[in-house]
Amino acid sequence: MSLIPRFAMWGAYFITLSVPIVSAIEVTIPLTAPSGAASLVGNLVSLSIEQDRWTDWAGTTEPNTFFNNILDNFIQITNTPPFVRIGADSEDHTNFSYDVEYEEDVFPLSSTITPYPEATNITVGQGFYTIISHLPNGTQVHWGVNLREYNLTAAYLETVALMNAFSSPAVIEKNITLKFIEVGNEADLYYSNQGRNSSWDVQEYVSQWEEFAYNVSATANLSESSYTKLIGAAFAGSSSNNLSGFSPQAIFNLGILESPAGRLIETISQHHYSGSFCTGGGSVLQDLMTKSYIRGNISMFSPDIEATSARGLNYILGETNSMSCHGAPNVSNTAGAALWLLDYTLYATQVGISRLHFHDGIGYKYNLIQPMTLNYSILDGSPIPPLAPHIQPAYYAAIIAAEAIGSSGTTQAVEIPIDEDNVSGYAFYEMASSQKPSSST
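Reference entry: report on the structure contained in this document.

Definitions and limits used
- Residues numbered from 1 in each chain as written.
- Predicted model: local features only at pLDDT ≥ 70, side-chain atom pairs only at ≥ 80, totals over all residues.
- Heavy atoms only, no water.
- Buried < 20%, exposed > 50% of the residue type's maximum accessible area, 1.4 Å probe, protein only.
- Helix = DSSP H or I, 4+ residues; strand = E, 2+ residues; numbered from the N terminus.
- Pairing = 2+ DSSP bridges.
- Phe/Tyr/Trp six-rings, centres within 6.5 Å; stacked < 30°, edge-to-face > 60°.
- Lys NZ or Arg CZ within 6 Å of the ring centre and 35° of its normal.
- Right-handed = clockwise from strand over helix to strand, strands pointing away.
- Salt bridge = Lys/Arg side-chain N within 4 Å of Asp/Glu carboxyl O.

As for the pairing of strand β18 (residues 383–387)
Link 1 in the chain: Sparse coverage of β18 is indicated by the burial of 0 of its 5 residues.
Link 2 in the chain: Strand direction decides the pairing type here: strand β17 (residues 374–376) and β18, joined by 2 bridges, are antiparallel. Bridge assignment links Leu374 to a residue of β18, and that residue is Leu387.
Link 3 in the chain: Taking the residues between adjacent antiparallel strands as the criterion, β17 and β18 are bridged by 6 residues, where Gly381 takes a positive phi near 80°.

Examining the packing of aromatic side chains
Link 1 in the chain: In the structure shown here, the tally under the stated rule is 22 aromatic pairs.
Link 2 in the chain: Taken together, a centroid distance of 6.3 Å and an interplanar angle of 85° make the contact between Trp200 and Tyr205 edge-to-face.
Link 3 in the chain: Among the residues examined, Trp200 registers a relative accessible area of 8% and is labelled buried.
Link 4 in the chain: In textbook terms, an aromatic cluster arises when at least three aromatic residues are bridged by ring pairs, as seen for Trp54, Phe128, Tyr129, Trp143 and Phe166.
Link 5 in the chain: Its end group placed over the ring of Phe180, Lys179 keeps NZ or CZ at 5.8 Å from the ring centre.
Link 6 in the chain: One residue, Lys179, lies across the ring of Tyr227, its end atom 4.5 Å from the ring centre.

Focus on the pairing of strand β11 (residues 177–183)
Link 1 in the chain: The element β11 is largely enclosed, with a buried count of 7 among its 7 residues.
Link 2 in the chain: For strand β10 (residues 140–145) and β11, the ladder comprises 6 bridges, and the chain directions are parallel. Paired with Gly144 across the two strands is Glu182, which belongs to β11.
Link 3 in the chain: Of the strand pairs in this sheet, β11 and strand β12 (residues 229–235) are connected by 2 bridges, and their pairing is parallel. In the strand pairing of β12, Phe180 is matched with Lys229.
Link 4 in the chain: A crossover links β11 with its parallel partner β12, the connecting element being helix α6 (residues 202–219), and its sense is right-handed.

Here we look at the pattern of salt bridges
Link 1 in the chain: The tally for this structure, following the rule as stated, stands at 8 salt bridges.
Link 2 in the chain: One salt bridge in this structure joins Glu182 and Arg85, with 2.8 Å as the shortest N-O distance. Remark: Arg85 occurs in strand β6 (residues 84–87) and Glu182 occurs in strand β11; sequence separation between them is 97 residues. Each member of the pair, Glu182 together with Arg85, is buried.
Link 3 in the chain: With a shortest N-O distance of 3.9 Å, Arg311 and Glu258 are connected by a salt bridge. With a gap of 53 residues between them, Arg311 in the loop between α10 (302–310) and β14 (314–324) and Glu258 in the loop between α7 (248–253) and β13 (265–276) connect regions that are remote in the sequence.
Link 4 in the chain: Ionic contacts of the salt-bridge type, sharing partners, join the residues Arg85, Glu91, Glu182 and Glu319 into one network.

Structural data, given as structure tokens:
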């Protein structure tokens, strides 16, 4: 899809959109928000950060000013910082040591497919958590602790360090808050990634999660009245209504929400990528951008969203982006991917997804932001002259979404029905009135 110019006719019901493949499109825009229009939060587009190199994002002895300036751009537009999730695959390879100041990592060799691999072993100290104070005022945080290694001591020590960091004067003064603790990342993949044996199933997962989450919540002094809550699921895929697989419905059926820790679940998190580059090749930009493909990648979760909403819980994409395994070259790092992100994000709101955390790691192809100097190509790992911190195309889509949402706190959006394969449109409303032009891709 291509970005198309728009001409709003204020006080009328129509908006005319023009693209090279069609001469004009006439659509009807209600002047007030239709019943059921999605409410949009200022941090609709948020971040998920690979934990292994968190210190490069936040800075150690002083803040990473480039990263903070980028976050501040969103604050200036929406009056809300992006929500920051820290964890992902490396959360399940993290252990704590009082002998480490910040972190010590062990990385596998890089490859042309994965020029910047994530660490296979991460040992962190208290400073790793304390540098959360470097983020902008008012930032909400969602942090993961290790379940895969089945080490209660590690989970306990990480939780103690987390709570020490968030109770420090520097963090309290800036109103940086720990909103969620996530116990384990993509546990539905533990058998395939050698974290568990062949008997691993959703029933065993619920049992182990309840054990670990109970200990984590007791250590953190969580309760049904506490600000900090637990994230539920955080699965890589979903079996939806097949209760023998991994899905929100399956864990609900097994009574997770009735357990002491499960009562602290406020939000269900789903992880999702629209394709894969894990073995290289096979990724086509036009496929990623196809309107029907975007909608299929979101609407597949409708049964899960409905089941989650019926339990009074929120539903987010806690980790998402274009192509898994850090993105595909000349797909995930292009302007086309920015258009994909915009339509993908806005359509997600139409089916009940309240926030999307786009995954970023140092040197990943699909990043919105590269927060530090790179010495190797993100495309194939070849040496390059030092490339200073910079933004990537997807960042511009996040800014457009932020501009559309604004800072009123009352913005709603509805998709405009357009019977064209290459055109999407959305109408935005403030105070239930059409105060914003529609955004189209």
